[in-house]
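The primary structure of each chain is shown beneath.
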Amino acid sequence: MSLTTLTIEDNEDEVLEAIEQALAHTDWDYDRDESGGVQCIASTRWGEIGALFAARQEPSALHFSMTLDVKPQAARQSVIGQLILAINERLWLGHFDYWIEDHVILFRHTIPMGGRVAPTAGEIHAVITAGLEAVERFVPAFNFVIWAGKSPEEALAAVMFETDGEA
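Residues numbered from 1 in each chain as written. Predicted model: local features only at pLDDT ≥ 70, side-chain atom pairs only at ≥ 80, totals over all residues. Heavy atoms only, no water.

### Observations concerning the overall build of the chain
Assigned secondary structure in the chain consists of 4 helices and 6 strands. If you list the helices and strands of the chain from N to C, you get α-β-β-β-β-α-β-β-α-α. Classification of the 167 residues of the chain by burial places 41% in the buried group. Of the roughly 9700 Å² of accessible surface on the chain, a fraction of 51% belongs to carbon and sulfur atoms. (Helix = DSSP H or I, 4+ residues; strand = E, 2+ residues; numbered from the N terminus. Buried < 20%, exposed > 50% of the residue type's maximum accessible area, 1.4 Å probe, protein only. Areas by Shrake-Rupley, 256 points an atom, 1.4 Å probe, with all protein chains shown as cover.)

### As for unusual backbone geometry
Of note in this structure, His103 is not a glycine but carries a positive phi near 55°. Following the sequence through the fold, His103 ends up in the loop between β5 (95–99) and β6 (104–112).

### Some thoughts on the sheet that holds strand β3 (residues 47–56)
Strand-to-strand pairing in sheets goes through backbone hydrogen bonds, with the strands running parallel or antiparallel. With antiparallel pairing, 6 strands are arranged side by side in an open sheet as β1-β2-β3-β4-β6-β5. Of all strands in the sheet, those bounded by a partner on one side alone are β1 (29–32) and β5. Between one strand and the next, the sheet's axes are offset by a mean angle of 25°, whatever the strand orientation. Pairing analysis gives 4 bridges linking β1 to strand β2 (residues 38–44), with the strands arranged antiparallel. Note on β2: the bridge partner recorded for Asp29 is Ile41. Strands β1, β2, β3 and β4 (61–67) of the sheet are contacted by helix α1 (residues 12–23), whose axis makes an angle of about 170° with β1. Relative to β6, helix α3 (residues 121–147) is tilted by about 160°, and along the sheet it contacts β2, β3, β4, β5 and β6. (Pairing = 2+ DSSP bridges. Axes fitted to C-alpha atoms, helices over the stretch in contact; angles between N-to-C directions. Contact = heavy atoms within 4.5 Å.)

### So, the packing of helix α2 (residues 77–88) against α3
Between α2 and α3, the shortest axis-to-axis distance is 10 Å and the interhelical angle comes to 155°. For the element pair α2 / α3, the angle class is roughly antiparallel. Crossing hand, α2 versus α3: right-handed. Between α2 and α3, the contacting residues are Val79, Ile80, Leu83, Ile84 and Ile87 on the first element and Phe138, Ala141, Phe142, Val145 and Ile146 on the second. Here the residues of the contact of α2 with α3 sort into 10 nonpolar, no polar and no charged. (Parallel < 35°, antiparallel > 145°, perpendicular 65-115°, else oblique. Left-handed = near helix turned anticlockwise from the far one by under 90°. Nonpolar A, V, L, I, M, F, W, Y, C, P; charged D, E, K, R; others polar.)

### Considerations on the nonpolar core
Counting residues in each nonpolar core, the largest one holds 47 residues, and the members touching the most others are Phe53, Phe96 and Phe142. Here the element with the most residues in this core is α3; it accounts for 12 residues. Apart from residues lying up to four places away in sequence, Phe96 is in contact with Leu68, Ile84, Ile87, Asn88, Leu91, Ile105, Leu106, Phe107, Ala134, Val135, Phe138 and Phe142. (Core = buried A, V, L, I, M, F, W, Y, C linked by side-chain atoms within 4.5 Å.)

### Thoughts on the pattern of salt bridges
For the coordinates displayed, the defined rule picks out 3 salt bridges. Salt-bridge contacts for Arg32 lead to Glu20; the nearest nitrogen and oxygen are separated by 2.9 Å. Of this pair, Arg32 sits in strand β1 while Glu20 sits in helix α1, placing them 12 residues apart in sequence. For Arg32, a relative accessible area of 31% puts it in the partly exposed group. When its relative accessible area of 19% is taken as the criterion, Glu20 is described as buried. The closest approach of N and O atoms between Asp97 and Arg108, which form a salt bridge, is 2.7 Å. On the criterion of sequence distance, the pair formed by Asp97 in strand β5 and Arg108 in strand β6 is long-range, its members being 11 residues apart. (Salt bridge = Lys/Arg side-chain N within 4 Å of Asp/Glu carboxyl O.)

Dropping the structure here:
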């Protein structure tokens, strides 16, 4: 049995067009960058944040990330790590990471391509939706831990509170 695989590199324009078509249905500004990715400005209720779609050849995959506009303090690294673990337990799609060297918290998800030409519009939409929902729900928890000195448990309790209706 012989397997012929298509790579993202072979179909880069189709991949980028699929991403841009999905982004056309959002209110995000976006633009292709020199490295073959799509840079975005994601509009959230907490303000605008940077997002990126980037293709990888080996393994063939499409990566999505949103960089949170919070400024983690080095002294809070272990507490941030505990909060990220607790948050990730609640996410079905994607996860949060903390890049210690860069002091950056981000939401990430990768779509494996498995020899396909491009991701479906539904896959791209699902990743965008998951990222937005996660960022909008959990940015306050990160701020509670970073700026208010709250424990991960206290921060999660505050953001997991749901109300019926609007005041």
